[in-house]
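# Tertiary structure, described
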Amino acid sequence: MRHHVLDMGEAQGQGYVGQALGAADIFATVYADQLRFRPSDPDWEGRDRFLLSTGHYAIGHYAALAEAGIVPLEELASYGSDDSRLPMSGMSTYTPGMEISGGSLGHGLTIAVGTALGLRHQGCGTRVFNFLSDGELDEGSTWEAAMGAHHHRLGNLTAMVDINALQADGKTDTVLRIEPVADKWAACGWFVQRVDGNDVAALLDAFEAAAAQAAPEGSPSVILCDTRIGKGVPLLETREKAHFMRIEEHEWQLCREELAAGYQGEGK
């Protein structure tokens, strides 16, 4: 998936590559282990819903959709191009498997609450997964939705927050401090876990714990995932301006080589 992200990013020469690399383990864990779906029928009524609130993370989501068999791998080369089904910001009208048009931050959890409530009224046993960012916690609507999920006892809702400590205007703790973030979610009545979002084993355990307490009526779950921007590519992990990366033409192959070297090192 991280290689897909680099390939798509190179097509544009820039983009939200750092976030996608950092969140790749979260996307992979959800799609490989938790989400119920049919690759050949993205609109299957019995599917679990994955709502990407942070539309600019679409490049990472596309990599997951491709590995899940929902989007053809060869289509990733069209990322961000005219007439592509894979725009730079996720849009449900274009992309199979993209449930909402995200990007205007603060809307995703609100939509997820409505979706989870509606599915419960229909008697569906499906779950709703909502992906948010730490910068998105600046939005008051996110916390209104969090309280609403507890009020309606939406035990079929699981949120995951990518905490990479960076947003468009700078470091999260300098723009608007969110800590103690776990206490805030707990105060809203959620089942809270905080893990290393780049540790797949820890993510698997967290999602399993969330699934174990999931129910049509009960406590909604949130998994707070601490991640590293540019994870797997040291050249990008240390880049100062990392929210929207401009990567030089000669650097893309260096990024691939660093990524491959890191995984080879893990296998030794």
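Residues numbered from 1 in each chain as written. Predicted model: local features only at pLDDT ≥ 70, side-chain atom pairs only at ≥ 80, totals over all residues. Heavy atoms only, no water.

### Points about empty space enclosed by the protein
Quick note on the threshold: Grid points spaced at 1 Å and placed over the protein atoms alone form the basis of the search, with a cavity being a set where a 1.4 Å probe fits but cannot get out and a pocket an open set showing protein on both sides within 12 Å along at least five of seven lines. Lining residues have an atom within 4 Å of a point. Grid points are joined across faces, edges and corners, and a volume is the space filled by probe spheres set on the points. Under this grouping Gly is polar, as are all residues other than the nonpolar Ala, Val, Leu, Ile, Met, Phe, Trp, Tyr, Cys and Pro and the charged Asp, Glu, Lys and Arg.
Evaluated as defined, the whole model comprises one cavity of 30 Å³ or more. Put simply, the largest cavity is a space of about 100 Å³. Forming the walls of the largest cavity are 14 residues, and the residues nearest its centre are Phe 37, Arg 47, Ile 70, Gly 97 and Glu 99. Considering only residue class, the lining of the largest cavity consists of seven nonpolar, one polar and six charged.

### Comments concerning the sheet that holds strand 4 (residues 157-163)
The cut-off we apply is this: Two strands are counted as paired when DSSP detects at least two bridges linking them. Each helix is a run of DSSP H or I of at least 4 residues and each strand a run of E of at least 2, with the numbering of both proceeding from the N terminus. Here, axes are lines fitted to C-alpha atoms. For helices the fit covers the stretch in contact, and angles between N-to-C directions go from 0 to 180 degrees. Pairs of residues are marked as contacts when any of their non-hydrogen atoms sit within 4.5 Å.
Spatially, five strands are ordered 2-3-4-8-7 in an open sheet, and the strand pairing comes out parallel. On the outer flanks of this sheet lie strand 2 (49-52) and strand 7 (191-196), each paired with one strand and no other. Across the sheet, the mean angle from the axis of one strand to that of its neighbour is 20 degrees, orientation sign disregarded. Its contacts with the sheet place helix 8 (residues 200-212) against strand 3 (128-133), strand 4, strand 7 and strand 8 (221-226), and it is angled at close to 170 degrees to strand 7.

### Re the packing of aromatic side chains
Condition: Stacked, edge-to-face and tilted are the three classes for Phe, Tyr and Trp ring pairs, Trp counted by its six-membered ring, which pair at centre distances within 6.5 Å; planes under 30 degrees apart are stacked, over 60 edge-to-face, the rest tilted.
The full count for this structure, using the stated rule, is nine aromatic pairs. Between the aromatic rings of Trp 185 and Trp 190, the centroid separation amounts to 4.8 Å while the plane-to-plane angle is 75 degrees, which identifies the pairing as edge-to-face.

### Brief notes about the pairing of strand 4
Looking along a regular strand, one sees side chains alternate from face to face of the sheet. This is how the line gets drawn: Whether a residue is buried, partly exposed or exposed follows from its accessible area with a 1.4 Å probe, protein chains only, as a fraction of its type maximum: under 20%, in between, or over 50%, in that order.
Among the seven residues in strand 4, seven count as buried, and that is most of the element. Residues Leu 157, Ala 159, Val 161 and Ile 163 line one face of strand 4 and the alternating positions Thr 158, Met 160 and Asp 162 line the opposite face, and both faces are buried. In this sheet, strand 4 lies alongside strand 3 in parallel orientation, the contact comprising six bridges. Paired with Phe 129 across the bridge in strand 4 is Thr 158. Here strand 4 runs beside strand 8; their pairing, made up of six bridges, is parallel. Bridged to Ala 159 within strand 8 is Val 222.

### A look at the nonpolar core
The condition is simple: For the purposes of this section, nonpolar cores are sets of buried Ala, Val, Leu, Ile, Met, Phe, Trp, Tyr and Cys residues that join through side-chain atoms within 4.5 Å.
If you look at the biggest cluster of nonpolar residues, it comprises 48 residues, and the most contacted ones within it are Leu 6, Tyr 31, Phe 50, Tyr 62, Phe 131, Met 160 and Leu 236. Broken down by secondary-structure element, the contributors of at least two residues to this core are helix 1 (2-12), helix 2 (17-34), strand 2, helix 3 (58-67), strand 3, helix 8, strand 8 and helix 10 (251-266). When sequence neighbours within four positions are dropped, the list of residues in contact with Met 160 reads Ile 26, Val 30, Phe 50, Phe 129, Asn 130, Phe 131, Leu 132, Phe 207, Ile 223 and Cys 225. Residues Ile 100, Leu 117, Ala 145 and Leu 157 belong to the second largest nonpolar core, which totals 27 residues.

### What to know about unusual backbone geometry
Going from Glu 179 to Pro 180, the amide bond is cis rather than trans, its omega being 5 degrees. The backbone of Asp 83 shows a phi angle near 70 degrees, a positive value even though the residue is not glycine. Checked against the element boundaries, Asp 83 lands in the loop between helix 3 and helix 4 (108-121). Among the residues examined, Asp 83 registers a relative accessible area of 83% and is labelled exposed. At Ala 165, a position not held by glycine, the phi torsion is positive, near 70 degrees. Note that Ala 165 resides in the loop between strand 4 and strand 5 (166-167).

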